[in-house]
Amino acid sequence: MNAYDSMRLGDTLRESHHLEITADPEAADVLILNTCSVREKAQEKVFSQLGRWRELKEQRPELIIGVGGCVASQEGQQILNRAPYVDIIFGPQTLHRLPALIDETIRVRQPSIDIDFPEIEKFDNLPPPRIESVSASVSVMEGCSKYCSFCVVPYTRGEEFSRPFDDVIEEIASLSEQGVREVTLLGQNVNGYQGRMHNGGVADFALLLRYVSEIDGIDRIRYTTSHPLDFSASLIEAYADLPKLVSHVHLPVQSGSDRILRAMKRQYTVAQYVYLIQCLREKRPNISISSDFIVGFPGETDEDFAATMQLIDQVRFDQSFSFLYSARPGTPASDFADDVPQQLKQQRLEILQVRINELARDISSLMIGTVQKVLVDRPAKKNPNQLSGRTENNRVVNFDGPHWLMGRFVDVEITMALPNSLRGRYVNCDSPGSQLLASAKS
Ligand code: SAM
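Just so we're clear, the structure is a prediction, and the values are computed from it rather than from any experiment. (Residues numbered from 1 in each chain as written. Predicted model: local features only at pLDDT ≥ 70, side-chain atom pairs only at ≥ 80, totals over all residues. Heavy atoms only, no water.)

If you trace the backbone, Asp411 turns up in strand S19 (residues 409-417). According to the relative accessible area criterion, Asp411 is buried, its value standing at 19%. Setting aside its immediate chain neighbours within four residues, Asp411 contacts Val371, Gln372, Lys373, Arg425, Tyr426, Val427 and Asn428. (Helix = DSSP H or I, 4+ residues; strand = E, 2+ residues; numbered from the N terminus. Buried < 20%, exposed > 50% of the residue type's maximum accessible area, 1.4 Å probe, protein only. Contact = heavy atoms within 4.5 Å.)

Attention now goes to the sheet that holds strand S4 (residues 112-114). Within a sheet, neighbouring strands are paired by backbone hydrogen bonds and run either parallel or antiparallel to one another. Overall, parallel pairing links the four strands, which are arranged S1-S2-S3-S4 in an open sheet. Every interior strand has two partners, whereas the edge strands, strand S1 (30-35) and S4, have only one. Neighbour-to-neighbour, the strand axes of this sheet turn through a mean angle of 15 degrees, independent of strand direction. Examined bridge by bridge, strand S3 (residues 88-90) and S4 share three bridges and lie parallel to one another. Counted as the bridge partner of Ile88 is Ser112 from S4. Along the sheet, helix H1 (residues 2-17) contacts S1 and S3; its crossing angle with S1, the most-contacted strand, is approximately 155 degrees. Running over the sheet, helix H5 (residues 98-108) touches S1, strand S2 (64-68), S3 and S4 and is turned about 160 degrees from S3. (Pairing = 2+ DSSP bridges. Axes fitted to C-alpha atoms, helices over the stretch in contact; angles between N-to-C directions.)

As a further point, take the environment of Leu251. Within the element layout of this structure, Leu251 appears in the loop between strand S12 (248-250) and helix H11 (258-264). Residue class for Leu251 comes out buried when judged on its relative accessible area of 0%. Distance from Leu251 to Ser226, taken between C-alpha atoms, is 5.5 Å for residues 25 residues apart in sequence. Excluding residues within four positions of it along the chain, Leu251 makes contact with Ser226, His227, Pro228, Phe231, Tyr273, Leu276, Ile277, Ser290 and Ser291.

Among the five residues that make up strand S8 (residues 182-186), five are buried, leaving the element largely enclosed by the rest of the structure. Side chains Glu182, Thr184 and Leu186 of S8 all project onto a buried face; the interleaved residues Val183 and Leu185 project onto the opposite face, where all are buried too. Of the strand pairs in this sheet, strand S5 (residues 135-139) and S8 are connected by five bridges, and their pairing is parallel. Across the sheet, Val138 pairs through a bridge with Leu185, a residue of S8.

Next up on the list: empty space enclosed by the protein. One water molecule sets the probe size; rolling that probe over the atoms shows where empty space is left. In this structure the tally under the stated criterion is one cavity of 30 Å³ or more. Reported here for the largest cavity is a volume of approximately 30 Å³. As for the largest cavity, its lining consists of Ile221, Arg222, Tyr223, Leu245, Val246, His248, Val249 and His250. Classifying every residue of the lining of the largest cavity by side-chain character gives five nonpolar, two polar and one charged. (1 Å grid on protein atoms, 1.4 Å probe; cavity = no way out; pocket = protein on both sides within 12 Å on 5 of 7 lines; lining within 4 Å. Points joined across faces, edges and corners; volume = space filled by probe spheres on them. Nonpolar A, V, L, I, M, F, W, Y, C, P; charged D, E, K, R; others polar.)

Attention now goes to the environment of His403. With respect to the helices and strands, the residue His403 is situated in the loop between strand S18 (396-400) and S19. Sequence separation between His403 and Arg378 is 25 residues, and the spatial gap between their C-alpha atoms is 9.7 Å.

Moving on, we get to the sheet that holds strand S20 (residues 422-428). Here we have five strands rolled up into a closed barrel, ordered S16-S17-S18-S20-S19, and mixed in their pairing. Neighbour to neighbour, the strand axes of the sheet diverge by 55 degrees on average, direction disregarded. The pairing of strand S17 (residues 387-390) with S18 spans four bridges and is antiparallel. Note on S18: the bridge partner recorded for Ser388 is Asn398.

Further remarks concern the pairing of S19. As judged from the five bridges shared by strand S16 (residues 371-379) and S19, these two strands associate in the antiparallel manner. Bridge pairing links Leu375 to Phe409 in S19. Across six bridges, S19 lies against S20 in antiparallel orientation. What sits directly across from Glu413, in S20, is Arg425.

By themselves these figures say nothing about function.
Structure follows, in structure tokens:
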């Protein structure tokens, strides 16, 4: 979500102030830090980065420094107290106001703070995204109303709100006209989507997927992140009917212990989660399931952790994200005693990650000899003469093939599984090209 917001920030400032993105802070007229506060570690990095930028500001007082995202939303004035050389503080829902905030800073040379939650206004005021790849992300809903006890998101991004259905469809149709072949629908709980339709009705996420699937040119649909609570029967049914929907779901479970899930206020049990996966596998036997895990939540015992490990073996999760619990200010869990010793948390995280990596490696090995549909989206990182693309279950495949395959879906036979990628052999291509990458230099 933050990567998407950063991209939209770039689009906005390109249009308003003709600014271009640079990776060199010394060359920049405006420095923007788009922050995340979902975990403590991410938040700590903000002030160390600002400390490095301080010297640049001392050398060039006209330099504008902005801090956006969830840390800005949560800390507001506190950031100015600790780093008074910052000019602009803006939240995830006010990034479209940044051009006006920059103008204001140039005019009055006083720090400004704008961390409202004006909801949908953001999308109505962002320029059309610049398309650079055959794969694009589209934000369909934002915020969160689940209030899990550990999570800061409802307080920093606001409650759930969905973009109007027709706006989303229009944006995706326009992406397709420009050559995009794969879309990723984004949201904090993307499957909680409830979009107002032109006829006064409300579309749920499954209906949105059905319409997106009808858009010519869009041949692959992904989404992230979904919440088990909103995983409806109609969404499960979509897996039976929509071949464009990839056979991969990222469905955060967080823990395999009902006691911990209750304390986390996740609003489902382990059995309900497992049942959901069973239903999905009935529709798509080979579907790959990845997840998020929090290790060392307050009160987590050895038994609770063992239950998580048991769930991992039962579901056989694919590549997943796992985190050490950190108390976030203002969340209910921050009042619980953070009583799992740091060393034990680390140990558990390591055990969990080793097991998940083994399972992911097994899945990669089982793919050897199979033919996978790959969307070719770039030259291979290590060997630019090779092509690279992703399989449905999100693995990078590198293979030899002619340059004109760029931007197309191709069949690739998997020949080797490496820890972070696969190697393959080009089999054939029957998909039309995309003008987006076809014109790229060979
Ligand atoms: N909305 C999705 C859900 O709850 O199912 C997940 C989105 S959340 C922004 C991303 C992940 O960060 C969570 O799934 C969780 O594993 C992790 N996370 C959130 N708060 C955390 C905390 N206080 N400590 C450690 N990890 C945390």
